[in-house]
Amino acid sequence: MARKFKGKFAGAALFAVVAAIILIFLMNEGKAEIIPYSIFLEMAYDGQVSEVVLSDDAQMKFKLIGEDDYLLTDNPRNATLKEELLLQGIPVSEGGFLAAGNASANLAGAALLCFILFMVYRASIKQPQKSMALSIANQAEASAHFLSFSDVAGNEEAKDSVADIIDFLKNPEKYAKYGARMPKGVIFYGPPGTGKTLMAKAIAGESGAPFHAVSGSDFVQMYVGVGAGRIRELFQKARQSGKAVIFIDEIDALGKKRAGAAMGGNDEREQTLNALLTEMSGFSSGEGIVVIAATNRLDTLDEALLRPGRFDRQVEIGLPDLSARKSILSLHRKNKPMSDKVDMDALSRQTVFFSGAMLENLLNEAAIFAAKRGADAIEPNDVDKAYYTIIAGGEKKDRSGIREAERRITAWHESGHALAAKLLSPETTVAKITIVPSSKGAGGFCVNIPPDKMYWTKQELEGQIMINFAGRAAEELTFGASNITTGASNDIEKSVSLAKDYVTRYGMGESLIHSEESEMKECQSLLDSLYQKTKAMLEANRRILDGIAQELLVKETLGEKELDLVIKAAGSPNVELRVLEKA
Ligand code: ADP
Ligand code: ZN
């Protein structure tokens, strides 16, 4: 009885503490994100504000486009503000969550708060260990099960670029002796599920160093000071073990770029980040500690993280290409009874947008289907069902058709760029052409390395514009004028800016001096005629264009040598068009 009472009392006390923490957190949040009214207005007129919640409070809430969190600004309680915002096309609602003078909203807000507190309270009773277990000591994974590079299929370039780090971890004194400064921090960036965590574990495994892992998002909902303490604790633990790999997943949760200095800051995040940077500058490079951080996007990170002595090595871990997918699939099928009838090569080809995690998941789902049937082996039908489960999220909808069409458009688009570069600019190296989407959102890309030179001739500039246009031109030739896509927007932007330089900066157009109007006209006619010429050039070399695109559909990525072979095999180019005298 007494025990029970004690338990209840402890529960209530915990409830009160949690409630207090949440209140502090809420207040802290509010305090942290107040934007000066003048800046709010600027952003509103600049089209950056997506929503405003008006109330009678001293402050009002608003959201920026693309952001999830509300920001606050002073409420001018100005009768015309609403109209002005509406005229700007900004949605305005009234009576915020905690708006004063709105009893029902207040009540709803209070009820919601109580509900949240209750849920937190319940969760804390149900899983007492879990809230405590956030302690780094429990989170940091012991390196009991060593992984090695043989557990990571593909990712060859990334493996190469961390080979020296493994050597350093094995043997820090060797590097210290030569005064070599190893990177203290490495960032792995790329889409989710591409094996960033796996690589970090394998590095620890290969070098025999303990692996300590945390996630940036764990630190987000903490109150000031706690996160920083945890970071110090983590590094202390790493130091004790002599050498270590510290892995920080989702580093962006800690080190996201600021929207602007005026934004104020999130104190907690800032303190945690500062603690991390301080710890990193605290250990000497002879100590054998490497911090590896992972993020989906490098461009959203605060530059402070990327400075020398911090995360100064950045390694891209992208989606796997065809041969990498083949090896990932064969790695994960090893422990599964797979029927010979399953065509693994075809499966590798069908999974063009899949990450390593999706491939692993695909085979796992197939194994589950087979197990449910009680079959001896995983059959093609199990794999098919798993495939649709993964791409359509369980629905029967077959989206692979759309993807296949997109793949074809990308293949011809990129082939257009590559062929134009080959025909127009023999000095340009076409280093790589691929239809594997990049982590930056492009459907595919063609890496042209233009010659490094001081002057460009008029003809060469025209050639560059045509190379840019060739993606769109190839789409139009192959799929028809009404099926051209938005994929060429970047190319067109580049062409237009080159054409402007051509006409105004370099005076290569018909006249040297321009009014705005004549400049426009000249650019227009230059671009029109170059686009027509690009189309004609590709048309005349249609067989080669199609040959490259077909090869890309099969292999997905071609290097320079392979590209040359395909061009050769498709027949000799129409050389007359290589010379561009008649502009
Ligand atoms: P990330 O950290 O990039 O989000 P993970 O490392 O967590 O991705 O990958 C999740 C899982 O996907 C891994 O545990 C593994 O099963 C599988 N996987 C991903 N990439 C690979 C790869 N290159 N080789 C083998 N398995 C992979
Ligand atoms: Zn393009």
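This is a predicted model, so every value here is computed, not measured.

Conventions used here
Each chain has its residues counted from 1, running along the sequence as written. All chains are assigned letters beginning with A, and all ligands numbers beginning with 1, in the order in which they are written. The predicted nature of this model means local features are confined to residues of pLDDT at least 70 and side-chain atom pairs, given and counted, to a pLDDT of 80 or more, with totals for whole chains, interfaces and linings taken over all residues. The basis for every side-chain value is the complete set of heavy atoms in the structure, and neither hydrogens nor water enter the calculation. Two strands pair if DSSP finds at least two bridges between them. Each helix is a run of DSSP H or I of at least 4 residues and each strand a run of E of at least 2, with the numbering of both proceeding from the N terminus. Between the N-to-C directions of two axes lies an angle of 0 to 180 degrees, each axis being a line fitted to C-alpha atoms and, for a helix, fitted only over the stretch in contact. The contact criterion used throughout is that any non-hydrogen atoms of two residues lie within 4.5 Å. Think of a salt bridge as a Lys or Arg side-chain nitrogen and an Asp or Glu carboxyl oxygen that are within 4 Å of each other. Each residue gets one of three labels from its accessible area relative to the maximum for its type: buried under 20%, exposed over 50%, partly exposed in between, using a 1.4 Å probe on protein chains only. Buried Ala, Val, Leu, Ile, Met, Phe, Trp, Tyr and Cys residues form a nonpolar core when they are joined through side-chain atoms within 4.5 Å. Should the near helix be turned anticlockwise from the far one by less than a right angle, the crossing is termed left-handed; should it be turned clockwise, right-handed. As a working rule, the residues Ala, Val, Leu, Ile, Met, Phe, Trp, Tyr, Cys and Pro are called nonpolar, Asp, Glu, Lys and Arg charged, and the rest polar, with Gly in that last group. Coordination partners: N, O, S within 2.8 Å of the metal, 3.2 Å for Na, K and Ca; water not considered, so apparent gaps in a site are possible. The near set for a molecule or strand comprises every residue that places at least one heavy atom within 4 Å of it. Between N or O atoms, a polar contact is any pair within 3.5 Å; within protein, one atom must be a potential hydrogen donor and the other a potential acceptor, and residues adjacent in sequence are included only when both atoms are from side chains. With residues, only the protein chains shown are counted as cover, and all accessible areas are computed by Shrake-Rupley using a 1.4 Å probe. Where a domain begins and ends is set by an automatic assignment or by a domain database. Pairing of aromatic side chains here covers Phe, Tyr and the six-membered ring of Trp, requires ring centres within 6.5 Å, and sorts the geometry by plane angle: under 30 degrees stacked, over 60 edge-to-face, intermediate tilted.

Engineer: Would you mind showing me how to read the sheet that holds strand β10 (residues 313–316) here?
Structural biologist: Two strands in a sheet stick together by hydrogen bonds in their backbones, pointing the same way (parallel) or opposite ways (antiparallel). A sheet is described by the order of its strands in space; here 5 strands give the open sequence β7-β8-β9-β6-β10, paired in parallel fashion. Every interior strand has two partners, whereas the edge strands, β7 (211–215) and β10, have only one. In this sheet, neighbouring strand axes are inclined to one another by 20° on average, regardless of whether the strands run parallel or antiparallel. Helix-sheet contacts for helix α9 (residues 196–207) involve β6 (185–189), β7, β8 (244–249) and β9 (289–295), and the interaxial angle to β8 is about 170°.

Engineer: Before we go on, may I ask you to explain the pattern of salt bridges in this structure?
Structural biologist: Note that side chains of opposite charge can pair when their charged atoms are close. Inspection of the entire model under this criterion finds 18 salt bridges. A salt bridge links glutamate 556 to arginine 325; the nearest nitrogen and oxygen atoms lie 2.5 Å apart. On the criterion of sequence distance, the pair formed by glutamate 556 in the loop between α21 (542–555) and β13 (557–559) and arginine 325 in helix α13 (residues 322–333) is long-range, its members being 231 residues apart. The residues glutamate 556 and arginine 325 share a single accessibility class, namely buried. Counted as one network, the salt bridges with shared partners bring together Arg325, Arg407 and Glu556.

Engineer: What should I look at first to understand the nonpolar core in this one?
Structural biologist: It is characteristic of soluble globular proteins that their nonpolar side chains tend to be buried jointly. Core analysis: the biggest nonpolar cluster contains 43 residues, and Ile433, Leu538, Ile548 and Leu563 have the highest contact counts within it. Broken down by secondary-structure element, the contributors of at least two residues to this core are α17 (400–424), β11 (429–434), α18 (458–479), α19 (489–505), α20 (516–540), α21 and α22 (560–569). The element contributing the most residues to this core is α18, with 9 residues. Those residues within four positions of isoleucine 433 in sequence are excluded, and the remaining contacts are Glu414, Ser415, Ala418, Phe445, Cys446, Ile548, Leu552, Glu556, Thr557, Leu558 and Leu563. Ile166, Ala200, Ala209 and Phe211 belong to the second-largest nonpolar core, a separate cluster that totals 27 residues.

Engineer: Is there a simple way to think about the pairing of β9 in this case?
Structural biologist: Each regular strand carries side chains that alternate between the two faces of the sheet. Taken across its 7 residues, β9 has 7 buried, putting it largely inside the fold. Burial along β9 is two-sided: the face carrying Ile289, Val291, Ala293 and Thr295 and the face carrying Val290, Ile292 and Ala294 are both buried. Of the strand pairs in this sheet, β6 and β9 are connected by 5 bridges, and their pairing is parallel. By the bridge assignment for β9, valine 186 is matched with isoleucine 292.

Engineer: I would appreciate a short explanation of unusual backbone geometry in the present structure.
Structural biologist: Backbone phi values are negative for most residues with the exception of glycine, while trans is the configuration of most peptide bonds. Positive phi, normally seen in glycine, also occurs at asparagine 155, with a value near 50°. Examined against the element boundaries, asparagine 155 turns out to sit in the loop between α6 (136–139) and α7 (156–170). Given a relative accessible area of 15%, asparagine 155 falls into the buried group. For glutamate 250, which is not glycine, the phi torsion reads 50° and is therefore positive. Following the sequence through the fold, glutamate 250 ends up in the loop between β8 and α11 (252–255). According to the relative accessible area criterion, glutamate 250 is partly exposed, its value standing at 37%.

Engineer: Help me out: how do you make sense of the packing of α7 against α9 in this one?
Structural biologist: Two numbers describe a pair of packed helices, the interaxial angle and the distance between the axes. One can describe the packing of α7 onto α9 by two numbers: an axis separation of 9 Å at closest approach and a directional angle of 40°. Every pair of crossing elements has a handedness; the one defined by α7 and α9 is right-handed. For the pair α7 and α9, the contacting residues are Ala158, Lys159, Val162, Ile166, Leu169 and Lys170 in the first and Met199, Ile203, Glu206 and Ser207 in the second. Split by residue class, the contact of α7 with α9 holds 6 nonpolar, 1 polar and 3 charged.

Engineer: How do you make sense of the sheet that holds β11 when you look at a structure like this?
Structural biologist: Spatially, β12-β11-β13 is the arrangement adopted by the 3 strands of the open sheet, whose pairing is antiparallel. For this open sheet the edge positions go to β12 (445–449) and β13, each flanked by a neighbour on one side alone. Neighbour-to-neighbour, the strand axes of this sheet turn through a mean angle of 15°, independent of strand direction. Pairing analysis gives 5 bridges linking β11 to β12, with the strands arranged antiparallel. When the sheet's bridge partners are listed, isoleucine 433 is paired in β12 with cysteine 446.

Engineer: Sorry, what's going on with the coordination of the zinc ion (ligand 2) here?
Structural biologist: Every protein donor of the zinc ion (ligand 2) is listed here as His413 (NE2), His417 (NE2) and Asp491 (OD), and their distances to the metal cover 2.1 Å. Each donor residue of the zinc ion (ligand 2) lies on one chain, and together they are spaced H-x3-H-x73-D. With histidine 417 in helix α17 and aspartate 491 in helix α19, this pair connects stretches of sequence that are 74 residues apart. With a relative accessible area of 7%, histidine 417 lands in the buried category. Its relative accessible area of 9% is what places aspartate 491 among the buried residues.

Engineer: In this structure, what is going on with the site of ligand 1? I would like to understand it.
Structural biologist: Around ligand 1, a shell composed of 17 residues is seen, among which Ala153, Gly193, Lys196, Thr197 and His332 lie nearest. For ligand 1, an oxygen atom lies 2.8 Å from a polar atom in the backbone of lysine 196. Isolated, ligand 1 exposes 560 Å² of accessible area, and the fraction of that covered by the protein chains is 80%. Mapped onto the shell around ligand 1, the elements with two or more residues apiece are α9, α13 and α15 (356–373). Residue composition of the shell around ligand 1, by class: 7 nonpolar, 7 polar and 3 charged. Residues from two domains meet in the shell around ligand 1; each of domain 2 (142–316) and domain 3 (322–392) gives at least three.

Engineer: Help me understand the packing of aromatic side chains, please; the structure alone is not making it clear to me.
Structural biologist: The geometry of an aromatic ring pair is captured by the separation of the ring centres together with the interplanar angle, meaning the angle of the planes. Evaluation of the coordinates by the stated rule reveals 5 aromatic pairs. Their ring planes at 25° and their centres at 5.9 Å tell us that phenylalanine 211 and phenylalanine 247 sit as a pair that is stacked. Taken together, the positions of phenylalanine 211 in strand β7 and phenylalanine 247 in strand β8 put the pair 36 residues apart, joining distant regions of the chain. In this structure, phenylalanine 211 and phenylalanine 247 share a single accessibility class: buried. Ring centres 5.6 Å apart and planes at 10° place the aromatic pair phenylalanine 354 and tyrosine 387 in the stacked group. Remark: tyrosine 387 occurs in helix α16 (residues 380–392) and phenylalanine 354 occurs in the loop between α14 (344–350) and α15; sequence separation between them is 33 residues. Judged by relative accessible area, phenylalanine 354 falls into the buried class, the value being 1%.

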